[in-house]
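If you want the building blocks of each chain, they are given just below.
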Amino acid sequence: MYEWLKALHIIAVIAWMVGMLYLPRLLVYHTAAPVGSPQSETFKLMEWRLARMIVAPAITLAWIIGLWLAYESGYYKSGWFHAKFALALLMSALHGYLVGQVKKFGRDERPHSARFYRILNEVPTVLLIAIVILVVVKPF
């Protein structure tokens, strides 16, 4: 059962990361679309569907299964896991921030420039690299 849950955890994390990498990119393009335009309305729908129908279930599964795996394996006692946990919390906070941005764009608010979202788009990648290294290498 442990290996099956581990596989499901990895699948959930991949789905979560797809959304975390794509959502800021959608916001970059949405920023350039005129308010009320057909493009803007399409972006609203795409962002909402991505955030609610793909990323929300994925983050939920990733956390529930991940916490169970950490407990079951005893990894929660390891230093590398504490660092991974902190980075996963940061990724979750970024997820919450992006969902907030999707809601603002849904109200036709444009709180930041396209450049801001381009830079923000790099944060999940950096966090993901650090998390994967911690999980695979277990440096401490």
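Whatever comes next refers back to the structure up there.
Here the residue numbers are simple positions, counted from 1 along each chain's written sequence. With the structure being a predicted model, the display of local features is reserved for residues of pLDDT at least 70 and the display and counting of side-chain atom pairs for 80 or more, all residues being used for whole-chain, interface and lining totals. Note: side-chain values were computed over all heavy atoms of the structure, leaving out hydrogens and water.

(A) Molecular detail of the nonpolar core. Residues enter a nonpolar core if they are buried and are Ala, Val, Leu, Ile, Met, Phe, Trp, Tyr or Cys, with the set joined through side-chain atoms within 4.5 Å. The buried label applies to any residue whose accessible area, calculated with a 1.4 Å probe on protein chains only, is under 20% of its type's maximum; exposed applies above 50%, and partly exposed to all values in between. Counting residues in each nonpolar core, the largest one holds 34 residues, and the members touching the most others are W16, M20, L23, M91, L98 and Y117. Where helices and strands are cited, they refer to DSSP runs of H or I of at least four residues and of E of at least two residues respectively, numbered from the N terminus. Of all elements in the fold, only α1 (2-32), α2 (38-73), α3 (79-106), α4 (114-120) and α5 (123-137) reach the threshold of two or more residues within this core. Among the elements that line this core, the one with the most residues is α3, at 10 residues. For M20, the contacting residues outside a window of four places in its chain are M91, L94, H95, L98, N121 and P124. Note on contacts: a residue pair is in contact if any heavy atoms of the two residues lie within 4.5 Å.

(B) Molecular detail of the packing of α1 against α2. Viewed as axis vectors pointing N to C, α1 and α2 meet at an angle of 150 degrees, and their least axial separation amounts to 7 Å. Viewed along their axes, α1 and α2 adopt a mutual orientation that is roughly antiparallel. For α1 against α2, the interelement crossing comes out left-handed. Each residue gets one label: Ala, Val, Leu, Ile, Met, Phe, Trp, Tyr, Cys and Pro are nonpolar, Asp, Glu, Lys and Arg are charged, and the others, such as Gly, are polar. Broken down by class, the residue content of the contact of α1 with α2 amounts to 26 nonpolar, six polar and four charged. Only the stretch in contact is used when a helix axis is fitted, and all axes are lines through C-alpha atoms; the angle between N-to-C directions ranges over 0 to 180 degrees. The labels follow the angle: roughly parallel below 35 degrees, roughly antiparallel above 145, roughly perpendicular from 65 to 115, and oblique for the rest. When the near helix sits turned anticlockwise from the far one by under a right angle, the crossing is termed left-handed; a clockwise turn instead gives a right-handed crossing.

(C) Focus on the packing of α3 against α5. Where α3 contacts α5, the axes come no closer than 9 Å and their chain directions differ by 160 degrees. With respect to each other, α3 and α5 are oriented roughly antiparallel. Judged by the sense of rotation from one axis to the other, the crossing of α3 with α5 is left-handed. Of the residues in α5, those touching α3 at W80, A83, K84, L87, A88, L90, M91 and L94 are V123, P124, L127, L128, A130, I131, L134 and V135.

(D) How the structure looks around a nonpolar patch on the surface. Residues qualify for a patch when their relative accessible area is over 30% and they have no salt bridge, like charges being joined within 9 Å and the nonpolar side chains of Val, Leu, Ile, Met, Phe, Trp and Tyr within 5 Å. Residue exposure ignores everything except the shown protein chains as possible cover, and the areas themselves are Shrake-Rupley values with a 1.4 Å probe. Within this document, salt bridges are pairs made up of a side-chain nitrogen of Lys or Arg and a carboxyl oxygen of Asp or Glu, the two lying within 4 Å of each other. Together, I129, V132, I133, V135, V136 and V137 give the surface a local cluster of nonpolar side chains, amounting to about 510 Å² of exposed area. By the element assignment, I129 lies in helix α5.

(E) Expanded view of the layout of surface pockets. Here a cavity means grid points, on a 1 Å grid over the protein atoms only, where a 1.4 Å probe fits yet cannot get out; a pocket means an open set of points with protein on both sides within 12 Å along at least five of seven lines; lining residues are those with an atom within 4 Å of a point. Grid points are joined across faces, edges and corners, and a volume is the space filled by probe spheres set on the points. Volume-wise, the largest pocket comes out at about 710 Å³. For the largest pocket, the lining is made up of 28 residues, of which H9, V13, K84, I131 and V135 are closest to its centre. When contributions to the lining of the largest pocket are tallied by element, the ones reaching two or more residues are α1, α2, α3 and α5. Top contributing element to the lining of the largest pocket by residue count: α1, with eight residues. Looking at the lining of the largest pocket residue by residue, the classes come out as 22 nonpolar, three polar and three charged.

(F) Highlighting the environment of H112. Tracing the backbone through its elements, the reader meets H112 in the loop between α3 and α4. Sequence separation of H112 and L8 is 104 residues, and the distance between their C-alpha atoms is 35 Å. Each residue touching H112, except ones within four places of it in the same chain, is listed here: T31, Y97, Q101 and Y117. Whenever a nitrogen or oxygen atom comes within 3.5 Å of another N or O atom, the pair is scored as a polar contact, on the condition that within protein one atom can donate a hydrogen and the other can accept it, and that pairs from neighbouring residues in sequence are kept only if both atoms are in side chains. Engagement of the side chain of H112 in a polar contact is seen with the side chain of Y97, the distance being 2.9 Å.

(G) Highlighting the packing of aromatic side chains. Stacked, edge-to-face and tilted are the three classes for Phe, Tyr and Trp ring pairs, Trp counted by its six-membered ring, which pair at centre distances within 6.5 Å; planes under 30 degrees apart are stacked, over 60 edge-to-face, the rest tilted. Applying the stated criterion across every chain, the model contains eight aromatic pairs. Residues F81 and F85 carry aromatic rings whose centres are separated by 6.0 Å and whose planes lie at 35 degrees to one another, so their mutual orientation is tilted. Of this pair, F81 and F85 both sit in helix α3, four residues apart, roughly one helical turn. With a relative accessible area of 9%, F81 lands in the buried category. What makes F85 partly exposed here is its relative accessible area of 29%. Measuring from ring centre to ring centre gives 5.2 Å for F116 and Y117, while their planes differ by 85 degrees; the resulting arrangement is edge-to-face. An aromatic cluster of three or more residues is present, and its members are W63, Y75, W80, F81 and F85. A positively charged side chain is recorded as over a ring if its NZ (Lys) or CZ (Arg) lies within 6 Å of the ring centre. The angle to the ring normal must also be within 35 degrees. Note that K138 overlies the ring of W80, its terminal NZ or CZ placed 4.9 Å from the centroid.

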